[in-house]
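# Understanding the architecture of this molecule
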Amino acid sequence: MSAYPNTATAPAPTTVAAPAPAVDPVGSADPADRSVALPLPVLGRDVTVPLVTGGEVTYAALDYAASAPALQRVWDDVAAYAPYYGSVHRGAGYLSQLSTDLFENSRRTVAEFLGCRPGDQVVFTRSTTDSLNLLAHALPAGCEVFVFETEHHASLLPWRGARVTYLDAPRSPGRAVETLERALADRDPHGPALVCVTGASNVTGELWPVRELAAAAHAHGARIVLDAAQLAPHHPVDVADLDVDWVAFSGHKLYAPFGAGVLAGRTDWLRDAEPYLAGGGASRTVARRADGGVDVDWHTTAARHEAGSPNVIGAYAVASACEALTAAGFDALVARERELIARVREGLAEVPEVRVLSLFGDDAPRVGVLSFVVEGWNSSHFAAALSAEYGIGVRDGLFCAHPLVRTLLGGSPQEPGECGAPEAGPGEGSLNAIRVSFGAGTPDEHVDRFVRAVRELVRDGARWSYRTEDGRCVPDRG
């Protein structure tokens, strides 16, 4: 990478971190290893918010599954680079060349973080949703897609041009593999097929048997894409070790700012597909024909699907987050997160009115994501009280995984629903849930405050009155 100017504000060159050891996502940390990480510094850790009951409190951000706060290191790296911002791949000037080096080096850093194979390609996108829509755009003609109903909508919905088989929610990792094998055994073995599966559920946090599902897919001539949006921030993801064909994730869940995502993996389907967007950057040459038309020679590299001026800062932020997590060490991060999960689960288990949602059972390995319902409470009302009276931010609703949440709550997976609060008053039951999620930047105090708040709300009720406004439960301020 080109050297930066020798100034105090110049960012250090992005280095390629050594890949994490190849580890199975389920149970990757050695339980005997007691080296536990401290919370990583994140933006917003000192932000205070007002309480409806009076006074202020430090905000407890427990909605990591939606968007994790940016790591301080990532923000500092981005701020240091900002004065040297320039357009990439199309300028002879110093800043343009520097930005091009930064952008392409970020691509290599991400590839190392994911343990990509030689020849794999890293495409920068806007998000996990964008990544999976790009792959859906690149499916060969006649491709069959197999997806569990348990998926986030980002991986459940993009496959509109393909023949899609939706698989019922399995109740154990073994049943997941058996269900997939039965479905694949019935397909035409000569045509292309793709399996889409999550690495960790955004509803229950439970880890899926990715390696076993990949083996089943490949045994039946299918390929597999891993939605790692909830897995990558919590566990090492090694593409070669898991033997997945593609992996997708978002920067904003990996402690980087909004606006960047990744699709990494095999090149052939992407190379053979029409560009995701047509425009500058995706094309190598464009020439007018004698008949008045246009001939285009498209790139065969990642640039083929990165038309327009790319999000250089977003890509750099993702690479910086990859390096920060690698430097912190996933063994220590996983060990600490397991302790936080145990504290939350033990605390909730002491409240009989609370039911934690689970697909694979209470003992299933999981990341720091738990969803639950409280007997006698509308979930939106409960979440609103946590925020207004305790300064705790959680998520309520169906979590963009409507079929899964409705299955877990005893509703029909075909029943329509909306994210957010239904038209029900405070205290009324509802077919939605509350989700608490945390990660590498979560202080112990935030988890302890959450557990204490749940106990107090269930025991004593809310101290304020609430009403529904624009589909949300909010404090009634008269």
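Structure: see above.
### Considering the overall build of the chain
Secondary structure assignment for the chain yields 13 helices and 19 strands. When burial is assessed residue by residue, the chain has 55% of its 478 residues classed as buried. Counted over contacts in the chain with a minimum sequence separation of 6, partners at least 24 positions apart contribute 73%. When the accessible area of the chain is evaluated, it comes to approximately 19400 Å², of which 52% is carbon and sulfur surface.

### Comments concerning the nonpolar core
Counting 88 residues, the largest nonpolar core has Val-110, Leu-114, Leu-180, Leu-226, Val-237, Phe-249 and Val-262 as its most contacted members. By residue number, the principal contributor to this core is helix H9 (residues 312–328), which donates nine residues. When near neighbours in sequence (up to four residues on either side) are disregarded, Phe-249 contacts Val-110, Leu-114, Ser-127, Thr-128, Ala-228, Ala-229, Ala-232, Leu-254, Gly-261, Val-262 and Val-318. Formed by 34 residues, the second largest nonpolar core is a distinct cluster that contains Leu-348, Val-451, Leu-457 and Cys-473.

### Quick word on the pattern of salt bridges
In total, this model carries 28 salt bridges according to the counting rule given. A salt bridge links Arg-435 to Asp-63; the shortest N-O distance between them is 3.4 Å. Here Arg-435 is found in strand E17 (residues 433–437), whereas its partner Asp-63 is found in the loop between strand E3 (60–61) and helix H1 (72–81), with 372 residues between them in sequence. Assigned by exposure class, Arg-435 and Asp-63 land together as buried.

### Thoughts on unusual backbone geometry
Of note, the phi angle at Phe-399 is positive, near 60°, even though the residue is not glycine. Note on placement: Phe-399 falls in the loop between strand E16 (395–397) and helix H12 (402–408). Non-glycine residue Cys-400 carries a positive phi angle of around 50°. Tracing the sequence through the fold places Cys-400 in the loop between E16 and H12.

### Here's the deal with H1
Among the residues of H1, Val-74, Val-78, Ala-80 and Tyr-81 are the ones counted as buried. Taken around the axis of H1, the buried residues stretch over an arc of 165°, which confines them to a single face. If you follow the buried residues of H1, they end up packed against helix H2 (94–113) and H9.

### Quick word on the pairing of strand E19 (residues 472–475)
A regular strand carries its side chains on alternate faces of the sheet. Relative to E19, strand E18 (residues 466–469) is paired through four bridges, and the arrangement is antiparallel. Of the residues in E19, the one forming a bridge with Thr-468 is Cys-473. Hairpin connection of E18 to E19: two residues between the antiparallel strands, including Asp-470 at a positive phi of 55°.

### Side note on the packing of aromatic side chains
The description of two aromatic rings rests on the distance between their centres and on the angle between their planes. In the structure shown here, the tally under the stated rule is 10 aromatic pairs. Geometrically, the ring pair formed by Phe-372 and Phe-382 is edge-to-face, given 6.3 Å between the ring centres and 90° between the ring planes. Of this pair, Phe-372 sits in strand E14 (residues 369–374) while Phe-382 sits in helix H11 (residues 379–390); the two residues are 10 residues apart in sequence, bridging distant segments of the chain. Look at Phe-382 and you get buried, because its relative accessible area is 0%. Stacked on the ring of Tyr-390, the Lys or Arg Arg-463 has its end atom at 5.2 Å from the ring centre.

### Describing the pairing of strand E5 (residues 144–148)
Of all five residues in E5, five are buried; the element is thus mostly enclosed. Burial of E5 is two-sided: the residues Glu-144, Phe-146 and Phe-148 facing one way and the residues Val-145 and Val-147 facing the other way are all buried. Relative to strand E7 (residues 193–198), E5 runs parallel, the two being bridged by four bridges. Along E7, the bridge assignment pairs Phe-146 with Val-195.

Each value, and the rule that gives it
Residues numbered from 1 in each chain as written. Predicted model: local features only at pLDDT ≥ 70, side-chain atom pairs only at ≥ 80, totals over all residues. Heavy atoms only, no water. Helix = DSSP H or I, 4+ residues; strand = E, 2+ residues; numbered from the N terminus. Buried < 20%, exposed > 50% of the residue type's maximum accessible area, 1.4 Å probe, protein only. Contact = heavy atoms within 4.5 Å. Areas by Shrake-Rupley, 256 points an atom, 1.4 Å probe, with all protein chains shown as cover. Core = buried A, V, L, I, M, F, W, Y, C linked by side-chain atoms within 4.5 Å. Salt bridge = Lys/Arg side-chain N within 4 Å of Asp/Glu carboxyl O. Arc of directions from axis to C-beta. Pairing = 2+ DSSP bridges. Phe/Tyr/Trp six-rings, centres within 6.5 Å; stacked < 30°, edge-to-face > 60°. Lys NZ or Arg CZ within 6 Å of the ring centre and 35° of its normal.

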